[in-house]
Amino acid sequence: MAKEVLYSSTRGEKGNIKASEAILRGLAGDGGLYVPDHIPHLEKSLREIADLDYQGTAYEVMKLLLTDYTEEELKYCISHAYDSKFDTQEIAPLSEADGAFYLELYHGSTIAFKDMALSILPYLMTTAAKKNAVKNDIVILTATSGDTGKAALAGFADVPGTKIIVFYPKHGVSPIQERQMVTQKGDNTCVIGIEGNFDDAQTGVKKLFTDKALAELMDSKGFQFSSANSINIGRLVPQIAYYVYAYCKLLKEGRIADGDEINVVVPTGNFGNILAAYYAKNMGVPIAKLICASNSNKVLFDFFKSGEYDRNRDFVLTSSPSMDILISSNLERLIYHIAGNDSVKDADLMAKLSNDGKYEITDDMRAKLDSFYGGYATEEETFATIKKVFDGAGYLIDTHTAVASAVYDKYKKETGDDKVTVIASTASPFKFTRSVMNALGHGDDSKDDFALADELSAISKVDIPEAVTSIRTAEIRHKTVVDRTEMEKAVKNFLGI
Ligand SMILES: *Cc1c(COP(=O)(O)O)cnc(C)c1O
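Criteria and cut-off values
- Residues numbered from 1 in each chain as written.
- Predicted model: local features only at pLDDT ≥ 70, side-chain atom pairs only at ≥ 80, totals over all residues.
- Heavy atoms only, no water.
- UniProt positions renumbered as here; feature names shortened; annotations may be inferred.
- Helix = DSSP H or I, 4+ residues; strand = E, 2+ residues; numbered from the N terminus.
- Rg over C-alpha atoms; globule rule 2.2 N^0.38 Å.
- Buried < 20%, exposed > 50% of the residue type's maximum accessible area, 1.4 Å probe, protein only.
- Contact = heavy atoms within 4.5 Å.
- Phe/Tyr/Trp six-rings, centres within 6.5 Å; stacked < 30°, edge-to-face > 60°.
- Lys NZ or Arg CZ within 6 Å of the ring centre and 35° of its normal.
- Core = buried A, V, L, I, M, F, W, Y, C linked by side-chain atoms within 4.5 Å.
- Pairing = 2+ DSSP bridges.
- Axes fitted to C-alpha atoms, helices over the stretch in contact; angles between N-to-C directions.

You'll find the protein entered in an unreviewed UniProt entry as Threonine synthase, with Butyrivibrio hungatei given as the organism. The record held by UniProt for the protein lists under Sequence similarities (unreviewed entry) the comment "Belongs to the threonine synthase family."

Colleague: I'd like a description of the overall build of the protein, backed by residues and values.
Modeller: Looking only at helices and strands, the protein has 22 helices and 15 strands in total. The globule rule puts the C-alpha radius of gyration for 497 residues at 23 Å, and the 21 Å found for the protein is close to it. For the protein, the C-alpha atoms occupy an extent of roughly 60 × 55 × 45 Å along the three principal directions. Looking at the protein as a whole, 60% of its 497 residues are labelled buried. For the protein, the share of sequence-separated contacts (at least 6 apart) that also reach a separation of at least 24 residues comes to 75%.

Colleague: Describe the packing of aromatic side chains, with residues and values.
Modeller: In total, this model carries 17 aromatic pairs according to the counting rule given. Plain terms: the ring middles of Tyr 102 and Tyr 395 are 5.1 Å apart, the flat faces sit at 45 degrees to each other, and that makes the pair tilted. Of this pair, Tyr 102 sits in strand β4 (residues 100–104) while Tyr 395 sits in the loop between α17 (379–393) and α18 (399–415), placing them 293 residues apart in sequence. Judged on exposure class, the residue Tyr 102 and its partner Tyr 395 are both buried. An aromatic cluster is built from Phe 271, Tyr 278, Tyr 279, Phe 303, Phe 304, Tyr 309, Tyr 359 and Phe 372, whose rings are joined through pairwise contacts. We note Lys 131 situated over the ring of Tyr 69; from NZ or CZ to the ring centre the distance is 5.5 Å.

Colleague: Go over the nonpolar core, please, and point to the residues and values.
Modeller: Core analysis: the largest hydrophobic core is formed by 111 residues, its most contacted members being Tyr 7, Tyr 54, Leu 66, Phe 271, Ile 335 and Tyr 359. Counting 39 residues, the second largest nonpolar core, distinct from the first, contains Ala 100, Ile 291, Tyr 411 and Met 437.

Colleague: Pulling in residues and values, what's your account of the sheet that holds strand β10 (residues 287–294)?
Modeller: If you trace the 6 strands from one edge of the open sheet to the other, you get β3-β4-β14-β9-β10-β13, paired in mixed fashion. Each edge of the open sheet is held by one strand with a lone partner, namely β3 (94–97) and β13 (372–376). Ignoring strand direction, the axes of neighbouring strands in this sheet form an average angle of 25 degrees. Two elements, strand β9 (residues 262–267) and strand β14 (residues 421–425), share 3 bridges in a ladder whose sense is parallel. Each residue of the ladder has a partner; that of Asn 263, found in β14, is Thr 421.

Colleague: Give me the UniProt feature "modified residue: N6-(pyridoxal phosphate)lysine" (unreviewed entry) in the protein: which residues, what numbers.
Modeller: In the UniProt entry, the feature "modified residue: N6-(pyridoxal phosphate)lysine" (unreviewed entry) is given for Lys 114. With respect to the element layout, Lys 114 can be found in helix α5 (residues 114–118). Taking the relative accessible area as the measure of exposure, Lys 114 reaches 11% and is therefore buried. Beyond its immediate chain neighbours, meaning those up to four positions away, Lys 114 contacts Asp 147, Thr 148, Ala 151 and Arg 235.

Following this line, the structure appears as C-alpha coordinates:
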(Lines give C-alpha, C1' and ligand atoms only; values in the text may rest on other atoms or scores of the structure.)
Protein backbone atom coordinates (compact mmCIF):
# COMPACT_ATOMS: atom_id res chain seq x y z
CA MET A 1 0.00 0.00 0.00
CA ALA A 2 1.21 3.44 -0.90
CA LYS A 3 1.56 6.06 1.80
CA GLU A 4 -1.59 8.07 2.45
CA VAL A 5 -1.64 11.52 0.85
CA LEU A 6 -3.02 14.30 3.05
CA TYR A 7 -3.93 17.83 2.02
CA SER A 8 -3.22 21.23 3.56
CA SER A 9 -3.83 24.84 2.59
CA THR A 10 -1.10 26.68 0.71
CA ARG A 11 -1.56 29.45 3.28
CA GLY A 12 -1.03 27.45 6.45
CA GLU A 13 -4.47 26.75 7.88
CA LYS A 14 -4.36 23.67 10.11
CA GLY A 15 -4.46 20.87 7.62
CA ASN A 16 -3.65 17.24 6.95
CA ILE A 17 -7.15 16.46 5.80
CA LYS A 18 -8.11 13.55 3.60
CA ALA A 19 -8.62 13.93 -0.14
CA SER A 20 -12.39 13.53 0.10
CA GLU A 21 -12.60 16.37 2.65
CA ALA A 22 -10.44 18.63 0.49
CA ILE A 23 -12.71 17.91 -2.49
CA LEU A 24 -15.81 18.75 -0.45
CA ARG A 25 -14.38 22.01 0.84
CA GLY A 26 -12.91 23.19 -2.49
CA LEU A 27 -11.09 26.21 -1.10
CA ALA A 28 -9.45 26.27 2.35
CA GLY A 29 -10.94 28.56 5.00
CA ASP A 30 -7.95 30.92 4.83
CA GLY A 31 -8.42 31.44 1.10
CA GLY A 32 -5.57 29.06 0.24
CA LEU A 33 -5.66 26.06 -2.08
CA TYR A 34 -5.34 22.46 -0.97
CA VAL A 35 -2.05 20.82 -1.87
CA PRO A 36 -0.82 17.24 -1.33
CA ASP A 37 1.81 16.73 1.39
CA HIS A 38 3.86 14.74 -1.12
CA ILE A 39 3.58 13.79 -4.77
CA PRO A 40 3.67 10.01 -5.09
CA HIS A 41 5.52 8.21 -7.86
CA LEU A 42 3.57 6.01 -10.29
CA GLU A 43 3.58 2.40 -9.08
CA LYS A 44 3.38 0.64 -12.43
CA SER A 45 5.97 1.31 -15.12
CA LEU A 46 4.92 3.51 -18.05
CA ARG A 47 5.38 0.46 -20.27
CA GLU A 48 2.81 -1.41 -18.16
CA ILE A 49 0.41 1.54 -18.08
CA ALA A 50 0.67 1.71 -21.88
CA ASP A 51 -1.38 -1.49 -22.03
CA LEU A 52 -4.27 0.11 -20.13
CA ASP A 53 -7.16 2.06 -21.60
CA TYR A 54 -7.97 5.63 -20.57
CA GLN A 55 -10.04 4.53 -17.59
CA GLY A 56 -7.35 2.17 -16.38
CA THR A 57 -4.73 4.89 -16.69
CA ALA A 58 -6.92 7.33 -14.78
CA TYR A 59 -7.27 4.78 -11.98
CA GLU A 60 -3.48 4.29 -11.76
CA VAL A 61 -3.06 8.05 -11.27
CA MET A 62 -6.03 8.84 -9.07
CA LYS A 63 -5.56 6.01 -6.59
CA LEU A 64 -2.17 7.48 -5.67
CA LEU A 65 -3.49 10.95 -4.84
CA LEU A 66 -7.04 10.27 -3.64
CA THR A 67 -5.93 7.67 -1.13
CA ASP A 68 -9.02 7.64 1.09
CA TYR A 69 -11.27 6.53 -1.77
CA THR A 70 -11.62 2.76 -2.06
CA GLU A 71 -10.80 0.98 -5.30
CA GLU A 72 -14.50 0.33 -5.81
CA GLU A 73 -15.39 4.00 -5.27
CA LEU A 74 -12.75 5.28 -7.67
CA LYS A 75 -13.60 2.77 -10.37
CA TYR A 76 -17.26 3.71 -10.00
CA CYS A 77 -16.44 7.41 -10.43
CA ILE A 78 -14.14 6.76 -13.40
CA SER A 79 -16.48 4.46 -15.28
CA HIS A 80 -19.43 6.85 -14.90
CA ALA A 81 -17.39 9.88 -15.96
CA TYR A 82 -15.48 8.57 -18.96
CA ASP A 83 -18.26 6.78 -20.82
CA SER A 84 -20.39 7.43 -23.90
CA LYS A 85 -20.66 11.14 -23.00
CA PHE A 86 -17.38 11.23 -24.91
CA ASP A 87 -17.69 10.85 -28.65
CA THR A 88 -14.65 8.58 -28.88
CA GLN A 89 -13.75 5.49 -26.88
CA GLU A 90 -10.21 6.73 -26.64
CA ILE A 91 -11.51 9.68 -24.54
CA ALA A 92 -8.38 11.75 -25.29
CA PRO A 93 -7.05 10.88 -28.78
CA LEU A 94 -3.65 12.00 -29.98
CA SER A 95 -3.45 13.43 -33.53
CA GLU A 96 -0.18 14.07 -35.30
CA ALA A 97 -0.13 17.26 -37.37
CA ASP A 98 2.36 19.93 -38.35
CA GLY A 99 5.27 18.45 -36.42
CA ALA A 100 3.55 17.88 -33.09
CA PHE A 101 1.07 15.58 -31.37
CA TYR A 102 -2.21 17.26 -30.51
CA LEU A 103 -3.80 15.73 -27.41
CA GLU A 104 -7.49 16.30 -28.10
CA LEU A 105 -9.13 17.00 -24.76
CA TYR A 106 -12.42 18.19 -26.26
CA HIS A 107 -14.40 15.03 -26.95
CA GLY A 108 -16.68 15.34 -23.92
CA SER A 109 -20.20 16.72 -23.66
CA THR A 110 -19.30 20.44 -23.82
CA ILE A 111 -16.46 20.11 -26.35
CA ALA A 112 -13.75 21.70 -24.20
CA PHE A 113 -11.07 20.22 -21.98
CA LYS A 114 -12.93 21.16 -18.80
CA ASP A 115 -15.03 18.03 -19.41
CA MET A 116 -12.00 15.89 -18.60
CA ALA A 117 -12.29 16.95 -14.96
CA LEU A 118 -15.87 18.10 -14.63
CA SER A 119 -17.39 14.88 -15.86
CA ILE A 120 -15.83 13.13 -12.87
CA LEU A 121 -15.98 15.82 -10.16
CA PRO A 122 -19.71 15.33 -9.36
CA TYR A 123 -19.02 11.63 -8.72
CA LEU A 124 -15.96 12.36 -6.61
CA MET A 125 -17.94 14.94 -4.68
CA THR A 126 -21.12 12.97 -4.02
CA THR A 127 -18.96 9.99 -3.03
CA ALA A 128 -17.02 12.30 -0.69
CA ALA A 129 -20.29 13.56 0.83
CA LYS A 130 -21.35 9.98 1.58
CA LYS A 131 -17.95 9.10 3.05
CA ASN A 132 -18.03 12.14 5.33
CA ALA A 133 -21.70 11.80 6.38
CA VAL A 134 -22.57 15.26 5.01
CA LYS A 135 -26.24 16.15 5.60
CA ASN A 136 -26.38 19.52 3.83
CA ASP A 137 -27.05 19.95 0.13
CA ILE A 138 -23.84 20.88 -1.64
CA VAL A 139 -24.03 24.17 -3.51
CA ILE A 140 -21.46 24.37 -6.26
CA LEU A 141 -20.45 27.98 -6.77
CA THR A 142 -18.45 28.70 -9.91
CA ALA A 143 -16.99 31.61 -11.80
CA THR A 144 -16.38 30.90 -15.45
CA SER A 145 -14.55 32.48 -18.33
CA GLY A 146 -16.76 30.39 -20.59
CA ASP A 147 -15.94 26.70 -20.59
CA THR A 148 -15.91 25.71 -16.91
CA GLY A 149 -19.46 26.95 -16.44
CA LYS A 150 -21.06 24.74 -19.03
CA ALA A 151 -18.95 21.73 -18.20
CA ALA A 152 -19.82 22.07 -14.50
CA LEU A 153 -23.51 22.58 -15.29
CA ALA A 154 -23.52 19.50 -17.50
CA GLY A 155 -21.78 17.49 -14.81
CA PHE A 156 -23.97 18.53 -11.88
CA ALA A 157 -27.39 18.97 -13.53
CA ASP A 158 -29.98 16.97 -11.60
CA VAL A 159 -27.37 15.26 -9.40
CA PRO A 160 -29.32 14.63 -6.15
CA GLY A 161 -28.06 16.51 -3.11
CA THR A 162 -26.41 19.25 -5.16
CA LYS A 163 -27.22 22.67 -6.57
CA ILE A 164 -25.03 24.63 -8.95
CA ILE A 165 -24.71 28.40 -9.44
CA VAL A 166 -22.55 29.73 -12.28
CA PHE A 167 -21.44 33.36 -12.73
CA TYR A 168 -20.06 34.42 -16.10
CA PRO A 169 -18.92 37.80 -17.51
CA LYS A 170 -21.94 38.89 -19.55
CA HIS A 171 -19.80 40.43 -22.31
CA GLY A 172 -16.77 38.17 -22.05
CA VAL A 173 -17.77 34.80 -23.50
CA SER A 174 -18.47 33.61 -27.05
CA PRO A 175 -22.09 33.49 -28.27
CA ILE A 176 -21.96 29.69 -28.41
CA GLN A 177 -20.50 29.52 -24.91
CA GLU A 178 -23.26 31.79 -23.59
CA ARG A 179 -25.97 29.87 -25.36
CA GLN A 180 -24.64 26.57 -24.04
CA MET A 181 -24.98 27.90 -20.51
CA VAL A 182 -28.28 29.78 -20.66
CA THR A 183 -30.06 26.79 -22.21
CA GLN A 184 -28.91 24.49 -19.40
CA LYS A 185 -31.62 22.17 -18.12
CA GLY A 186 -31.95 20.87 -14.56
CA ASP A 187 -33.97 22.23 -11.63
CA ASN A 188 -30.84 22.55 -9.50
CA THR A 189 -29.04 24.83 -11.97
CA CYS A 190 -28.69 28.64 -11.92
CA VAL A 191 -26.75 30.72 -14.46
CA ILE A 192 -26.12 34.44 -13.89
CA GLY A 193 -24.36 36.99 -16.11
CA ILE A 194 -22.44 39.73 -14.32
CA GLU A 195 -21.52 43.20 -15.49
CA GLY A 196 -17.76 42.77 -15.14
CA ASN A 197 -14.92 40.60 -16.40
CA PHE A 198 -13.84 37.10 -15.38
CA ASP A 199 -11.53 38.33 -12.63
CA ASP A 200 -14.47 40.23 -11.10
CA ALA A 201 -16.54 37.04 -11.18
CA GLN A 202 -13.73 34.97 -9.69
CA THR A 203 -12.94 37.53 -6.96
CA GLY A 204 -16.65 37.74 -6.09
CA VAL A 205 -16.94 33.97 -5.82
CA LYS A 206 -13.83 33.75 -3.63
CA LYS A 207 -15.36 36.37 -1.33
CA LEU A 208 -18.61 34.43 -1.01
CA PHE A 209 -16.63 31.29 -0.18
CA THR A 210 -14.78 32.90 2.70
CA ASP A 211 -17.79 34.82 4.12
CA LYS A 212 -18.28 33.21 7.55
CA ALA A 213 -21.68 34.83 8.21
CA LEU A 214 -23.00 33.54 4.91
CA ALA A 215 -21.63 30.05 5.63
CA GLU A 216 -23.47 30.00 8.99
CA LEU A 217 -26.72 31.17 7.43
CA MET A 218 -26.41 28.52 4.72
CA ASP A 219 -25.65 25.78 7.22
CA SER A 220 -28.74 26.69 9.25
CA LYS A 221 -30.80 26.25 6.07
CA GLY A 222 -29.19 22.95 5.07
CA PHE A 223 -26.65 24.14 2.48
CA GLN A 224 -22.90 24.32 2.16
CA PHE A 225 -20.70 25.65 -0.63
CA SER A 226 -18.18 23.76 -2.62
CA SER A 227 -16.25 24.68 -5.71
CA ALA A 228 -16.03 23.21 -9.18
CA ASN A 229 -13.40 25.76 -10.20
CA SER A 230 -9.96 24.51 -11.06
CA ILE A 231 -8.87 25.39 -7.52
CA ASN A 232 -10.62 22.18 -6.40
CA ILE A 233 -8.08 19.40 -6.03
CA GLY A 234 -10.77 17.05 -7.38
CA ARG A 235 -10.35 18.74 -10.74
CA LEU A 236 -6.61 18.82 -10.79
CA VAL A 237 -6.03 15.14 -10.03
CA PRO A 238 -8.09 13.70 -12.93
CA GLN A 239 -6.24 16.04 -15.31
CA ILE A 240 -2.92 14.42 -14.51
CA ALA A 241 -4.19 11.23 -16.09
CA TYR A 242 -4.21 12.45 -19.69
CA TYR A 243 -0.55 13.43 -19.61
CA VAL A 244 0.32 9.94 -18.43
CA TYR A 245 -2.00 8.55 -21.10
CA ALA A 246 -0.41 10.65 -23.86
CA TYR A 247 3.11 9.60 -22.95
CA CYS A 248 2.12 5.94 -22.80
CA LYS A 249 0.35 6.18 -26.15
CA LEU A 250 3.51 7.56 -27.78
CA LEU A 251 5.46 4.76 -26.17
CA LYS A 252 3.05 2.10 -27.31
CA GLU A 253 3.04 3.40 -30.88
CA GLY A 254 6.82 3.44 -30.97
CA ARG A 255 7.01 7.21 -31.40
CA ILE A 256 9.35 7.37 -28.42
CA ALA A 257 11.50 4.84 -26.58
CA ASP A 258 11.26 4.01 -22.88
CA GLY A 259 12.62 6.91 -20.85
CA ASP A 260 12.68 9.42 -23.72
CA GLU A 261 11.75 12.91 -22.65
CA ILE A 262 8.95 14.83 -24.32
CA ASN A 263 7.85 18.46 -24.19
CA VAL A 264 4.35 19.55 -23.36
CA VAL A 265 2.72 22.80 -24.52
CA VAL A 266 -0.35 24.02 -22.67
CA PRO A 267 -2.58 26.98 -23.58
CA THR A 268 -2.90 28.51 -20.15
CA GLY A 269 -5.34 30.66 -18.23
CA ASN A 270 -5.92 29.71 -14.61
CA PHE A 271 -2.81 27.45 -14.63
CA GLY A 272 -4.75 24.26 -13.78
CA ASN A 273 -4.00 22.27 -16.91
CA ILE A 274 -0.28 22.96 -16.95
CA LEU A 275 -0.03 22.33 -13.20
CA ALA A 276 -1.47 18.87 -13.86
CA ALA A 277 1.37 18.33 -16.34
CA TYR A 278 3.84 19.45 -13.66
CA TYR A 279 2.37 16.90 -11.25
CA ALA A 280 2.58 14.23 -13.97
CA LYS A 281 6.25 15.07 -14.39
CA ASN A 282 6.77 14.78 -10.65
CA MET A 283 4.96 11.44 -10.63
CA GLY A 284 7.50 10.06 -13.09
CA VAL A 285 6.45 11.00 -16.63
CA PRO A 286 9.62 12.06 -18.49
CA ILE A 287 8.63 15.59 -19.42
CA ALA A 288 11.50 17.96 -20.21
CA LYS A 289 9.85 21.33 -20.78
CA LEU A 290 6.47 22.54 -19.63
CA ILE A 291 5.73 25.24 -22.16
CA CYS A 292 3.20 27.71 -20.82
CA ALA A 293 1.39 29.50 -23.66
CA SER A 294 -0.48 32.75 -23.01
CA ASN A 295 -2.48 35.04 -25.25
CA SER A 296 -2.12 38.84 -25.09
CA ASN A 297 -2.94 38.69 -21.37
CA LYS A 298 0.66 37.63 -20.89
CA VAL A 299 1.09 37.94 -17.11
CA LEU A 300 2.55 34.44 -16.96
CA PHE A 301 5.01 35.07 -19.79
CA ASP A 302 6.30 38.12 -17.91
CA PHE A 303 6.40 36.13 -14.68
CA PHE A 304 8.54 33.34 -16.12
CA LYS A 305 10.82 35.93 -17.70
CA SER A 306 11.31 38.25 -14.73
CA GLY A 307 10.21 36.44 -11.57
CA GLU A 308 7.67 39.17 -10.94
CA TYR A 309 3.95 38.50 -11.11
CA ASP A 310 2.16 41.76 -11.88
CA ARG A 311 -1.53 41.89 -12.57
CA ASN A 312 -1.58 45.70 -12.80
CA ARG A 313 -2.27 46.04 -16.50
CA ASP A 314 -5.16 46.33 -18.89
CA PHE A 315 -7.32 43.28 -19.32
CA VAL A 316 -7.52 42.38 -23.01
CA LEU A 317 -10.47 40.60 -24.60
CA THR A 318 -9.07 38.10 -27.11
CA SER A 319 -10.32 35.37 -29.42
CA SER A 320 -9.22 32.82 -26.78
CA PRO A 321 -11.53 34.03 -23.97
CA SER A 322 -10.95 31.04 -21.69
CA MET A 323 -7.40 32.32 -21.28
CA ASP A 324 -8.33 35.96 -20.68
CA ILE A 325 -7.18 35.94 -17.08
CA LEU A 326 -4.90 38.19 -15.05
CA ILE A 327 -4.95 36.20 -11.81
CA SER A 328 -4.01 32.59 -12.49
CA SER A 329 -5.32 30.95 -9.32
CA ASN A 330 -3.53 27.65 -9.62
CA LEU A 331 -0.14 29.32 -9.88
CA GLU A 332 -0.41 29.62 -6.10
CA ARG A 333 0.12 25.86 -5.81
CA LEU A 334 3.32 26.09 -7.84
CA ILE A 335 4.49 29.07 -5.76
CA TYR A 336 3.92 27.02 -2.61
CA HIS A 337 5.91 24.07 -3.99
CA ILE A 338 8.85 26.12 -5.27
CA ALA A 339 8.99 27.91 -1.92
CA GLY A 340 9.76 24.46 -0.47
CA ASN A 341 6.14 23.76 0.61
CA ASP A 342 6.36 26.90 2.76
CA SER A 343 2.93 28.29 3.60
CA VAL A 344 4.30 31.39 5.37
CA LYS A 345 6.14 32.49 2.24
CA ASP A 346 3.15 31.65 0.08
CA ALA A 347 0.70 33.56 2.27
CA ASP A 348 3.04 36.56 2.26
CA LEU A 349 3.25 36.64 -1.55
CA MET A 350 -0.50 36.16 -1.94
CA ALA A 351 -1.15 39.04 0.49
CA LYS A 352 1.10 41.19 -1.71
CA LEU A 353 -0.87 40.11 -4.77
CA SER A 354 -4.09 41.04 -3.07
CA ASN A 355 -2.82 44.40 -1.72
CA ASP A 356 -0.48 45.62 -4.47
CA GLY A 357 -1.51 43.43 -7.38
CA LYS A 358 2.02 42.06 -7.63
CA TYR A 359 4.80 40.09 -5.97
CA GLU A 360 8.32 38.94 -6.75
CA ILE A 361 9.77 35.50 -6.05
CA THR A 362 13.30 34.87 -4.75
CA ASP A 363 16.21 33.63 -6.87
CA ASP A 364 16.02 30.25 -5.09
CA MET A 365 12.42 29.91 -6.14
CA ARG A 366 13.19 30.99 -9.70
CA ALA A 367 15.82 28.29 -9.96
CA LYS A 368 13.10 25.71 -9.39
CA LEU A 369 11.19 26.94 -12.43
CA ASP A 370 13.80 25.78 -14.91
CA SER A 371 11.52 23.19 -16.50
CA PHE A 372 9.01 25.92 -17.36
CA TYR A 373 9.17 28.05 -20.48
CA GLY A 374 6.73 30.94 -20.91
CA GLY A 375 5.62 32.19 -24.29
CA TYR A 376 2.73 34.16 -25.75
CA ALA A 377 1.01 34.70 -29.05
CA THR A 378 -0.66 37.85 -30.37
CA GLU A 379 -4.05 37.71 -32.06
CA GLU A 380 -2.39 37.94 -35.50
CA GLU A 381 -0.06 35.04 -34.71
CA THR A 382 -2.94 32.97 -33.36
CA PHE A 383 -5.04 33.50 -36.49
CA ALA A 384 -2.10 32.87 -38.81
CA THR A 385 -1.40 29.60 -36.99
CA ILE A 386 -4.95 28.31 -37.45
CA LYS A 387 -4.59 28.97 -41.19
CA LYS A 388 -1.10 27.53 -41.40
CA VAL A 389 -2.02 24.27 -39.65
CA PHE A 390 -5.19 23.85 -41.68
CA ASP A 391 -3.69 24.74 -45.07
CA GLY A 392 -0.49 22.81 -44.45
CA ALA A 393 -1.68 19.75 -42.56
CA GLY A 394 -5.45 19.73 -43.13
CA TYR A 395 -5.92 19.81 -39.37
CA LEU A 396 -8.39 22.16 -37.73
CA ILE A 397 -7.59 23.73 -34.35
CA ASP A 398 -9.43 26.26 -32.20
CA THR A 399 -8.09 29.63 -31.06
CA HIS A 400 -6.82 28.41 -27.67
CA THR A 401 -4.96 25.49 -29.16
CA ALA A 402 -3.60 27.85 -31.82
CA VAL A 403 -2.05 30.04 -29.11
CA ALA A 404 -0.18 26.95 -27.91
CA SER A 405 0.79 25.95 -31.42
CA ALA A 406 2.10 29.46 -32.21
CA VAL A 407 4.11 29.53 -28.99
CA TYR A 408 5.54 26.11 -29.81
CA ASP A 409 6.72 27.41 -33.21
CA LYS A 410 8.47 30.31 -31.47
CA TYR A 411 9.98 27.99 -28.88
CA LYS A 412 11.43 25.72 -31.56
CA LYS A 413 12.87 28.67 -33.45
CA GLU A 414 14.41 30.12 -30.33
CA THR A 415 15.87 26.93 -28.86
CA GLY A 416 16.26 24.43 -31.69
CA ASP A 417 14.78 21.83 -29.33
CA ASP A 418 13.12 19.18 -31.49
CA LYS A 419 11.98 16.67 -28.86
CA VAL A 420 8.68 14.91 -29.47
CA THR A 421 6.06 17.40 -28.32
CA VAL A 422 2.49 17.10 -27.11
CA ILE A 423 0.25 20.15 -27.51
CA ALA A 424 -2.82 20.18 -25.28
CA SER A 425 -5.74 20.82 -27.61
CA THR A 426 -8.32 22.35 -25.33
CA ALA A 427 -11.43 23.10 -27.37
CA SER A 428 -13.24 22.01 -30.48
CA PRO A 429 -12.92 24.54 -33.31
CA PHE A 430 -16.72 24.52 -33.40
CA LYS A 431 -16.86 26.17 -30.01
CA PHE A 432 -15.14 29.26 -31.44
CA THR A 433 -16.46 29.03 -34.98
CA ARG A 434 -16.52 32.73 -35.84
CA SER A 435 -12.88 33.29 -34.92
CA VAL A 436 -11.79 30.11 -36.67
CA MET A 437 -13.68 31.10 -39.84
CA ASN A 438 -12.12 34.58 -39.70
CA ALA A 439 -8.70 32.99 -39.40
CA LEU A 440 -9.34 30.77 -42.42
CA GLY A 441 -10.40 33.80 -44.46
CA HIS A 442 -14.09 32.84 -44.54
CA GLY A 443 -15.40 35.28 -41.93
CA ASP A 444 -18.81 36.83 -42.58
CA ASP A 445 -20.32 39.25 -40.07
CA SER A 446 -23.77 38.92 -41.59
CA LYS A 447 -24.02 35.24 -40.65
CA ASP A 448 -24.78 33.80 -37.22
CA ASP A 449 -22.52 31.28 -35.51
CA PHE A 450 -24.66 28.34 -36.54
CA ALA A 451 -24.57 29.24 -40.22
CA LEU A 452 -20.81 29.65 -39.92
CA ALA A 453 -20.58 26.22 -38.27
CA ASP A 454 -22.31 24.70 -41.30
CA GLU A 455 -19.73 26.32 -43.58
CA LEU A 456 -16.82 25.34 -41.39
CA SER A 457 -18.04 21.77 -41.46
CA ALA A 458 -18.26 21.85 -45.25
CA ILE A 459 -14.78 23.34 -45.63
CA SER A 460 -13.06 21.07 -43.11
CA LYS A 461 -15.12 17.92 -43.66
CA VAL A 462 -15.41 17.64 -39.87
CA ASP A 463 -18.92 16.96 -38.52
CA ILE A 464 -20.49 19.60 -36.30
CA PRO A 465 -20.39 18.21 -32.76
CA GLU A 466 -23.65 17.25 -31.09
CA ALA A 467 -22.98 19.86 -28.38
CA VAL A 468 -23.49 22.60 -31.00
CA THR A 469 -26.40 21.12 -32.95
CA SER A 470 -28.37 20.45 -29.76
CA ILE A 471 -28.38 24.10 -28.61
CA ARG A 472 -29.55 25.49 -31.95
CA THR A 473 -33.20 25.41 -31.00
CA ALA A 474 -33.03 24.89 -27.23
CA GLU A 475 -35.12 27.14 -24.96
CA ILE A 476 -33.30 29.93 -23.09
CA ARG A 477 -33.90 29.18 -19.41
CA HIS A 478 -31.53 31.57 -17.61
CA LYS A 479 -31.86 35.32 -18.12
CA THR A 480 -30.57 36.96 -14.93
CA VAL A 481 -27.83 39.59 -15.21
CA VAL A 482 -26.58 41.36 -12.07
CA ASP A 483 -23.95 43.90 -11.13
CA ARG A 484 -20.77 42.38 -9.69
CA THR A 485 -21.68 43.90 -6.31
CA GLU A 486 -24.92 41.91 -6.18
CA MET A 487 -23.60 38.37 -6.36
CA GLU A 488 -24.44 37.52 -2.74
CA LYS A 489 -28.01 38.67 -3.17
CA ALA A 490 -28.36 36.54 -6.30
CA VAL A 491 -27.11 33.44 -4.46
CA LYS A 492 -29.54 33.98 -1.56
CA ASN A 493 -32.38 34.49 -4.03
CA PHE A 494 -31.75 31.22 -5.79
CA LEU A 495 -31.44 29.27 -2.54
CA GLY A 496 -34.46 31.01 -1.05
CA ILE A 497 -32.63 32.00 2.14
C1 LIG B 1 -9.98 26.69 -19.34
C2 LIG B 1 -9.39 26.67 -20.68
C3 LIG B 1 -8.02 26.94 -20.87
C4 LIG B 1 -7.11 27.32 -19.74
O5 LIG B 1 -6.88 26.26 -18.86
P6 LIG B 1 -6.33 26.55 -17.38
O7 LIG B 1 -6.35 25.24 -16.70
O8 LIG B 1 -7.31 27.53 -16.77
O9 LIG B 1 -4.99 27.14 -17.53
C10 LIG B 1 -7.52 26.85 -22.16
N11 LIG B 1 -8.32 26.55 -23.20
C12 LIG B 1 -9.63 26.30 -23.06
C13 LIG B 1 -10.45 26.01 -24.25
C14 LIG B 1 -10.22 26.34 -21.79
O15 LIG B 1 -11.51 26.09 -21.66
